[in-house]
Amino acid sequence: MRFRHPDGSTVHLAYCTNVHPAETLDGILAQLRDHCEPVRKSLGRDRLGIGLWLAKDAARALITDPAALRGLRAELDRRGLEVVTLNGFPYEGFGAEEVKYRVYQPDWADPERLAYTTDLARLLTALLPDDVTEGTISTLPLAWRTDFDERVAATAGAALTTLSGRLDALEELTGKSIRIALEPEPGCTVETTADAIGPLTTLPGDRIGVCVDTCHLATSFEDPATALAALDAAGVGIPKAQLSAALHAEEPRRPEVRDALAAFAEPRFLHQTRTLTAAGLRGTDDLGEALAGDALPDEAPWRAHFHVPLHAPPAAPLTSTLHVLQETLTLLVGGVVPRTRHLEVETYTWQALPPELRPRTRTQLVEGIAAELTLARDLLTDLGLKELP
C-alpha cells in the first residue's frame, strides 16, 4: 500500500510474511497465492506491499538461479504484490516448534550473517518495483547480549563496514539504493534505540540505521519522543519502522492478571518481559520466567515482547501498547517531512496466541492481517497521508 505524504514523497506500508513459515522457494510462491494475494483482495486493493522474509536456503536458491528470481518477480507482479523491504532478522527455522534463542544466530560476528544479508540486498534490487529506487532490510541488532565482548563487537563492526561498502557498489551497478536497519530488541546487545547510537555512529556513510519496532520500543519502556530525538541528534537514520504492539499488564501482582499472562507464555518464541522500577529497567528473558516466583518486581506494570494483533488487544485485565505505536507513528510520519518511508506491520505471533484467540482457518488469518492493515491505513490517513491506488 502506498501513501502520499504532504511533502510529496511516497510512504510504503506492507505486512511482514514471517507470519507464514515457508522457507523454500516453492513455499514462498505458495504463500503469495494462499495468503498475500487473498489479503490484497480482502482489502479491495489493486496493489499490496509485503515485507518479504526469505530464509537462508530460499535466498541462496534465488541468488544461484536467475530464472527463479525472474519467476518470483513475475509472480509478485501477477498477484498484485510489491516488495520494497525485506525482513532479514530470522535466518532460518522461524517456523520451527521452538525458536527461542535460535533466532539470534548467526549474529553479526559470524561471516554467515554478512553473506546472507549481502544476498538479500542483491535480491532486493531485482525485486523492487520499476518505479522505486530505494529498498530496506531489517536485521539482527548485532547479537544476543551474552558473550559480546570488545573483540566480538569489533568483528561485528567490521562486517557492517564491509556491508556498507558492498551496498555502495551495488547502487553503482544497479541504480538501486539499499539501506540496512538494525532492529533493537529486548535482551540483545542493542536492546534500545539509545544502545544503537554508539555502534552506528562509528560506521561510514549512512547505509545503516535503525528499524524502530514499536513493540520492542514499548517493551523496554522507551519514550518515543525521547528515543527519536536522540537518533536525530546523533544523525542516525530510520530506514524502516515496524508497526507492532506489546502485551501490557497494569497490575501484575494480582492473581487474575498473572493467570491471564500465563496464557501467553508459550514454547515457540521468547517473550522478554520488562518492568520499570525506581532503579531502572528490570527484566527476564521470557514471560514464564517472570511469572515464576519473584523473578521480576511486580509493583509496577509489566510489558512482554509478544506481538499482539494491532486491531485486537487482549481482554481485560490485559491490554496492548497500541498507544505507543500511535504516538511513534505520529512522530515518524506526522511531521513536515517523514522520518521513514517504509512501514511494516509485523505480527508473526498469530499462531502463538492462546488457543481460543488463534485463527483456525486460512481465511481467518487473512481477515486478521487485513484488519491490522486497515487499522494502520486509517492511522496514516488520520495523519494527513493520502492513500494511493
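Residues numbered from 1 in each chain as written. Predicted model: local features only at pLDDT ≥ 70, side-chain atom pairs only at ≥ 80, totals over all residues. Heavy atoms only, no water.

Draft legend 1. Representation of the sheet that holds strand S11 (residues 280-284) within the structure. Strand order in this open sheet of five strands is S11-S10-S12-S9-S13, and the pairing throughout is antiparallel. For this open sheet the edge positions go to S11 and strand S13 (318-320), each flanked by a neighbour on one side alone. Mean inter-strand twist for the sheet, computed between neighbouring axes without regard to direction, equals 30°. (Pairing = 2+ DSSP bridges. Helix = DSSP H or I, 4+ residues; strand = E, 2+ residues; numbered from the N terminus. Axes fitted to C-alpha atoms, helices over the stretch in contact; angles between N-to-C directions.)

Draft legend 2. View of the side chain of glutamine 272. Take glutamine 272: it is sitting in the loop between helix H9 (255-262) and strand S10 (273-277). A residue is classified by how much of its surface remains accessible, and glutamine 272, at 0% relative accessible area, is buried. Of the polar contacts made by the side chain of glutamine 272, one reaches the side chain of tyrosine 104; its length is 3.0 Å. Within polar-contact distance, the side chain of glutamine 272 engages the side chain of glutamate 185 at 3.4 Å. Setting aside chain neighbours within four positions, we find glutamine 272 in contact with Tyr104, Trp144, Glu185, Pro186, Thr219, Thr284, Asp285, Asp286, Arg303, Ala304 and His305. (Buried < 20%, exposed > 50% of the residue type's maximum accessible area, 1.4 Å probe, protein only. Polar contact = N/O pair within 3.5 Å; in protein donor to acceptor, adjacent residues only side chain to side chain. Contact = heavy atoms within 4.5 Å.)

Draft legend 3. Molecular detail of the nonpolar core. One finds Leu13, Tyr15 and Leu373 to be the most contacted residues of the largest nonpolar core, which totals 124 residues. Among the elements that make up this core, the one with the highest residue count is helix H12 (residues 362-382) (nine residues). Setting aside residues no more than four positions away along its own chain, leucine 373 makes contact with Met1, Leu13, Ala14, Tyr15, Val39, Leu43, Leu48 and Val345. (Core = buried A, V, L, I, M, F, W, Y, C linked by side-chain atoms within 4.5 Å.)

Draft legend 4. Looking closely at helix H5 (residues 150-174). Taking 1.5 Å per residue, 25 residues should reach 36 Å; H5 reaches 36 Å between its end C-alpha atoms and fits that length. Considered for burial, the residues of H5 that qualify are Val152, Ala156, Ala159, Leu160, Leu163, Ser164, Leu167 and Leu170. Tucked inside the fold, the buried residues of H5 contact helix H4 (111-127), strand S6 (177-182) and strand S7 (208-213). Directly after H5, the chain includes glycine 175, whose backbone phi takes a positive value near 80°. (Expected span 1.5 Å × (residues − 1).)

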